[in-house]
Structures are given as C-alpha cells and as structure tokens.
Amino acid sequence: MDIGGAAPCNSTINMSIFKKGSKAYSIFGMKCPKCHEEDLFDTGAFSFSKPFDMKDACPHCGQDFMPEPGFYFGAMFISYIFTAWFCILFVLFLHWVLGWSTAASFGALIAVCAIFFVYIFRLARSIWLNINFKYDPEKAKA
Ligand SMILES: [Zn+2]
C-alpha cells in the first residue's frame, strides 16, 4: 500500500516490465495475480522448507488460489515444456560448446534440476495463475 505520492522504496528492480501491475512482476515475484500484494507461497523457493505448500487464497483480496479441483493440471504442461527445453539445451551446451563428456553433462543437469525443481514448479503455477486471472488495480487498493 502506498502512502501519498511517495515513491515506493523497496528492493524490487524498478524496470517498467517488472513493475507492480505487470504480468512479469506477478509471475517472477510469485505474487497474487489479482492484487499483486501477497506472496503465493509462505516460504522462499530456495529455502526448501514446505516446497509445495501454497496458500489457499490471497489474504489481501481473497482470490482463490485453488478455484477448482485439478486447476494446476495446466501448470504441469508449462513446467514440462519448460523443463524439457531446458534439459535439451543445457546438455547440448555442455557437451558441444564446452566439450564435456555425456556423463558429466547429464550429471550436471541432474544437479541443476534438483536445485531448480521447486523454483520451476512454483514458476509454472505462477504463470498458470496469471494466464487465468488478470491484475485488478481496485483489488490492490482494497
Ligand atoms: Zn490478492
């Protein structure tokens, strides 16, 4: 919530594409797609505590984060497509560009996937919510 005309002073990168109200802000900041005020998850993506626990609804605007059973089925496809392309490009890069052996390339891939697994899972849900719900400036104020 902004008070008066004072410029918001937080650690968020102040580029217009990542500003509050843009899809990128909500997706990469993992904020509620409707009001952009509340986080979707209680814990950080790299804290590895409660990695898959999501809030049921937005405490700020009341947006339901589980509007229907199987809602996140679509998010699975996003994370699948994203992960598949990432794996292919990552291994090809290590093997062909850096000249790593096949075994080393795949070993590195598994390590990287293990670290980013939770992040990709959450990012896919965040993208999926943003496909289905639009930012509502009125809800942000309320
Ligand atoms: Zn909200």
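### Here we look at the overall build of the protein
A tally of helices and strands in the protein yields 4 helices and 0 strands. Scanning the protein from its N terminus toward the C terminus, one meets helices and strands in the order α-α-α-α. Counting every position in the protein, which comprises 142 residues, the buried fraction comes to 14%. For the protein, the share of sequence-separated contacts (at least 6 apart) that also reach a separation of at least 24 residues comes to 55%.

### Brief notes about the packing of helix H2 (residues 73-97) against helix H3 (residues 102-132)
The interhelical angle for the contact between H2 and H3, taken along N-to-C directions, is 155°, at an axis separation of 9 Å. Judged by the angle between their axes, H2 and H3 are roughly antiparallel. As for the relative orientation of H2 and H3, their crossing is right-handed in sense. Note on element contacts: H3 touches H2 through Thr102, Ser105, Phe106, Ala108, Leu109, Val112, Ile120, Phe121, Ala124, Arg125, Ile127 and Trp128, opposite Gly74, Ala75, Ile78, Ser79, Phe82, Thr83, Cys87, Phe90, Val91, Leu94 and His95. A per-class count over the contact of H2 with H3 returns 16 nonpolar, 6 polar and 1 charged.

### Things to note about the confidence of the model for the protein
Summing up the model confidence of the protein, the mean pLDDT is 87 and the portion of residues at 70 or higher is 88%. Note on residues 1-13: pLDDT under 50 across the span, and 3 contacts to partners over four residues away in sequence or across chains.

### Overview of unusual backbone geometry
Despite not being glycine, histidine 36 has its phi angle at roughly 60°, a positive value. Here histidine 36 lies in the loop between helix H1 (23-29) and H2. By the C-beta count within 10 Å, which is 23 here, histidine 36 ends up buried. In this structure, lysine 50 is a non-glycine residue whose phi angle is positive, near 45°. Tracing the backbone through its elements, the reader meets lysine 50 in the loop between H1 and H2. Residue class for lysine 50 comes out exposed when judged on the 11 C-beta atoms lying within 10 Å of it.

### Some points on H2
Taking 1.5 Å as the rise per residue, H2 with 25 residues should run 36 Å; its terminal C-alpha atoms sit 36 Å apart, in good agreement. Just beyond H2, the residue with positive phi is glycine 99, at close to 75°.

Conventions and cut-offs
- Residues numbered from 1 in each chain as written.
- Predicted model: local features only at pLDDT ≥ 70, side-chain atom pairs only at ≥ 80, totals over all residues.
- Helix = DSSP H or I, 4+ residues; strand = E, 2+ residues; numbered from the N terminus.
- Buried ≥ 20, exposed ≤ 12 C-beta atoms within 10 Å, placed from the backbone.
- Contact = placed C-beta atoms within 7 Å.
- Axes fitted to C-alpha atoms, helices over the stretch in contact; angles between N-to-C directions.
- Parallel < 35°, antiparallel > 145°, perpendicular 65-115°, else oblique.
- Left-handed = near helix turned anticlockwise from the far one by under 90°.
- Nonpolar A, V, L, I, M, F, W, Y, C, P; charged D, E, K, R; others polar.
- pLDDT = per-residue confidence, 0-100.
- Expected span 1.5 Å × (residues − 1).

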